[in-house]
Amino acid sequence: MRKFLSLMLLVLVAVGASAQSRKYWDFRTLSQETIDNLVADPATWTITNKEDGTFDRAADAKKISGELTANGMPIKELQGLTFGTAGLSNGNNFMIATNRFRMTRNNMEIIFPKLAPGQTVTVRGRSANSTATNRGFAGNDNLEYISGPIGGICIGNQAEGYGSADYPVEEDGNYTLVWKVREDLGTTDSVDVVIKMVTGGLDMAEIYIDNGNEDVIEESKKIAYLYDSSKANYALDSDPMYEIVYGSGSYEVEAIDIKDFTSDMTDTISALETNYDVVMVSEGPASGHKFASALKELVNRVPMMNMKSFFYKSGVWGWGAGENPKPATGTIVLSHYGASHKAFKSLGFSAGDEIELWVADGYEGNIIQGYSVSEGSFINADSVLATIGDGIKAIHEHGRSNIYMLFPFSSDAAIAYGEGSLAPGDDLPTLVTAVVDYLAASKSTVRQANKPSIEQTNGDGVTTVTISTNVADATIYYTTDGSEPTAASAVYTEPLTFTEPVVLKAYVSAVGYNDSDVASAEVLIKGQWDAPTISVTRNADNSVITLTAEEGANIYFNFVDGADSIFAQKYTEPIVLTWPATIAAFAAGGDNVDSELVKEYVSINSLTAETIRLDTLAHFDANPTDWFLNDTENGGTGEAKAYYFNGKSAWDYYSTEVDYTEEVKDETGVVVETVTHYKPDAAAARVYNPLNENGWVIKSAGQVLTLEGTLDTNAGVGNGATGRYAETAIDAIDGAPSKGAITFGKKMDGNPYTGTIETTAKYAGPFDVLVAVGNGNKSGKSEMEVQISADGATWTTLGSLNLADTQRYYKKTRLVYNETAEVYVRVAHVGGGTSAQVYDIFIYNNGEYSKEYTPEVIDQPTVAGAEVVGVQIYNLSGVQQNGLGKGLNIVRRVYSNGTVEVLKVMGK
């Protein structure tokens, strides 16, 4: 029997019976709703995007357990599972990616709903590390492990035994592990079931209970079918769309007469949103029906299939979204998007195919309605699934959850169908039910929009405010008098400028969301510090820079043209430069805005075109193209981001052949110990040649050396921040080191450090050696040297390298070789701790390029009796630069007496 509900029944109708307890979790896909929630919750989840800017994965930013949520909503791919506190760190315990779910720590726990004896739990997953041999899963005492790899261990795909009978894998590379709830527990009651990570770093694809991965009979979806009995020429019994959904037997369909509904029916809207899986709006209601405007409020709050494009028209009750052209056709043409759409795919059509949904049989009425979009409409950017006539838009969808779809069919067609002159096409019932199922699957709880972000940019006496939201197609309402904003308040369209303090409040409103909370900010008007003054005292071999500023201001400086105090060095004492550079400085702090950036090129008197060394003789960097050897035959293991040249374990530098013995005596001369010294083992020596000849070779005789080819450094000063920063501003002169480093690792106890990076050719002096090296150690610094040799066998120290005190920070050291003899050059680890990371080794001499260097024209006046009052630097294309660029520059210098000089200057 068909159901016809009154308004009162509609408001009172209850939600259907509870859904069946979940038995299947598929982590191989991630819904857009979950992605949106993860992105909107930076306090809980750290997002990593792909190179094209799209979402790749999220990791927890803090310790979380129990039911995992994002943006205040349960993560639906994980709903039904909870997670224990065992093994958790302060973050990076979980990784949610578009195709897998990872748990990273030892002993982490998945807690299942209680299960009865005899039920099974299946996990499909793999090791996140290709060479690991100890990562796996284990059940608690209530579970018996019945099938899968030995001991539940999922060895990596490069580990010995992978894919064997002991470690069988599926075609997709996942292991299948099965446990059964023990039947000898002495109870028939359900018991606690827990799966834990034996060793963390496991990726899961699927989890299911019993045969939960098979199709499960679900409850019938509840469909609200809205029609208008006041329309004299319309009858529900002859409505083919109603016949299709009701007659399918797949849904619980409730026909709801809206003839007496008005625009102000909050309870009705709420009941439709809460109590139904899909709302279908027939074409019967008149376009001017008062309830039409209320229906717009339901868009993306409950899945909706609207057959009335007339609602798009402007007017008192219309949506104002567009208009509706009226071609007489029963055929739609699929777009590329439509052909690949889940609802249409089942029909097997391709883009451009025509689908006859109605057999017209001479009928000339308006069977399928089209629509056009008004400028600025909320449907303006919607995906079009099908068109009619001469490319007129017909079927489209809006939103990613609680999806709205226009599926427009004319009431005239329904009447003609009732009179027997029309009949549904063969594909219509299949398509309509597929669309209803697709929409029902998108139903989700309506979320509250996130509060807008209010950002202030302060200038000298003026503040610009930008208000933003991460909600698509949202409207931001705001006030500037401290009052609460409403839908009648001003709409934010562009940055706001203020010269007086105000209290700004704003909130976000968007289709498919509850309005956000109100964000509030006091807009401040600030003054600006004057730029600091740069004074330079030039000595023979160095220049001393003194910076001064207004009282109360802090001065920050760097040599990379930066204006961010976070990554600049705070000035505390005069700066001693031994190498030419352009200093950039600004005043900051207190209630004022940072000053303008002031810059000055500072030369060194002793470095002239005849003495400066700018020509590169040799350069080492740890790029994977040269150094990712992938030499498994000789012990190499890993990938470009962490490639161990001879494996992760150190080996013995010494042989078993005795070199000499040494007697140790006490204070009285009595021998208390005899120490045996062994000869070095010639077989311990390893030589790592690059894939492409580049003039360098890496050597070790027992010390672990690692290519970390993806390490990226920053030219800013770290100031305690975690990252690969310069320890001081001077360390960042000429910019950050090259990407990638060779890490000098551990050795066996009692062995010497033997890791070196050496030139394969000799170079004639004089030359400079510049080395950029980072400190990868948490405690002790490595002791590193630059050494030279005439024969490649006997080495002498040219000088020691400076290492940062802070872990991961880098320093640069320039050493001078003033002899003329040809020598090999190497960087060697000679003592201290491990984990020095060598980024760059440069060997420079004075050659043709250096001869073009002209430092004095930048900062030393040549016009008698006049001071330099302005300097502009341009490249050869005429574009003004912040400082000397590499190669030829055009320098325009202005003097206090009006004289202007234009010079060509070679920058290093």
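See the structure printed just above.
Residues numbered from 1 in each chain as written. Predicted model: local features only at pLDDT ≥ 70, side-chain atom pairs only at ≥ 80, totals over all residues. Heavy atoms only, no water.

## Here's the deal with the overall build of the chain
Counting its secondary structure elements, the chain contains 11 helices and 64 strands. Scored against the burial criterion, the 908 residues of the chain give a buried share of 46%. Considering only intrachain contacts with a sequence separation of at least 6, the fraction spanning at least 24 residues in the chain is 70%. A total of about 41,500 Å² of accessible surface is found on the chain, and carbon and sulfur atoms cover 45% of it. (Helix = DSSP H or I, 4+ residues; strand = E, 2+ residues; numbered from the N terminus. Buried < 20%, exposed > 50% of the residue type's maximum accessible area, 1.4 Å probe, protein only. Contact = heavy atoms within 4.5 Å. Areas by Shrake-Rupley, 256 points an atom, 1.4 Å probe, with all protein chains shown as cover.)

## A look at the pattern of salt bridges
Summed over the entire model, instances satisfying the criterion amount to 24 salt bridges. One salt bridge connects D26 with R28, and the closest N-O pair in it is separated by 3.0 Å. In this structure R28 comes out as partly exposed when scored by relative accessible area, which is 36%. Note that K679 is salt-bridged to E657, the shortest N-O span being 3.1 Å. Of this pair, K679 sits in strand β48 (residues 671-680) while E657 sits in strand β47 (residues 654-665), and the two are 22 residues apart along the sequence. It is possible to trace a salt-bridge network through shared partners that takes in D26, R28, R124, D172 and E206. (Salt bridge = Lys/Arg side-chain N within 4 Å of Asp/Glu carboxyl O.)

## Notes on the side chain of D203
As for its position among the elements, D203 is in strand β16 (residues 202-209). On the basis of relative accessibility, which here comes to 8%, the residue D203 falls in the buried class. In this structure the side chain of D203 is engaged in a polar contact, spanning 2.5 Å, whose partner is the side chain of R102. (Polar contact = N/O pair within 3.5 Å; in protein donor to acceptor, adjacent residues only side chain to side chain.)

## Considering empty space enclosed by the protein
All chains considered together, the criterion is met by two cavities of 30 Å³ or more. The volume enclosed by the second largest cavity comes to roughly 50 Å³. F27, T29, L30, I75, E77, L78, I96, A97, R100 and F101 are the residues that line the second largest cavity. Grouping the amino acids of the lining of the second largest cavity by side-chain chemistry returns seven nonpolar, one polar and two charged. (1 Å grid on protein atoms, 1.4 Å probe; cavity = no way out; pocket = protein on both sides within 12 Å on 5 of 7 lines; lining within 4 Å. Points joined across faces, edges and corners; volume = space filled by probe spheres on them. Nonpolar A, V, L, I, M, F, W, Y, C, P; charged D, E, K, R; others polar.)

## Focus on the sheet that holds strand β7 (residues 82-83)
Sheet strands pair by backbone hydrogen bonding; their relative direction is either parallel or antiparallel. Overall, antiparallel pairing links the four strands, which are arranged β7-β10-β15-β12 in an open sheet. The two strands at the open ends of the sheet, each matched to only one other strand, are β7 and β12 (136-139). Where β7 meets strand β10 (residues 109-115), two bridges bridge the pair, whose relative direction is antiparallel. Considered in β10, the bridge of F83 is made with I110. (Pairing = 2+ DSSP bridges.)

## Notes on the packing of aromatic side chains
Summed over all chains, the structure comprises 26 aromatic pairs. Taking 5.0 Å as the distance between ring centres and 80° as the angle between the ring planes, the aromatic pair formed by F261 and F291 counts as edge-to-face. Here F261 is found in the loop between β18 (251-257) and α4 (266-275), whereas its partner F291 is found in helix α5 (residues 291-296), with 30 residues between them in sequence. Comparing F261 with F291 shows no difference in burial state: the two are buried. An angle of 90° between the planes, with centres 5.5 Å apart, marks the rings of Y643 and F645 as edge-to-face. Each member of the pair, Y643 together with F645, is buried. Members of the aromatic cluster, connected to one another through ring pairs, are F27, F83, F94 and F101. One residue, K222, lies across the ring of Y276, its end atom 5.5 Å from the ring centre. Sitting above the plane of the Y753 ring, K747 keeps its charged end 5.0 Å from the centroid. (Phe/Tyr/Trp six-rings, centres within 6.5 Å; stacked < 30°, edge-to-face > 60°. Lys NZ or Arg CZ within 6 Å of the ring centre and 35° of its normal.)

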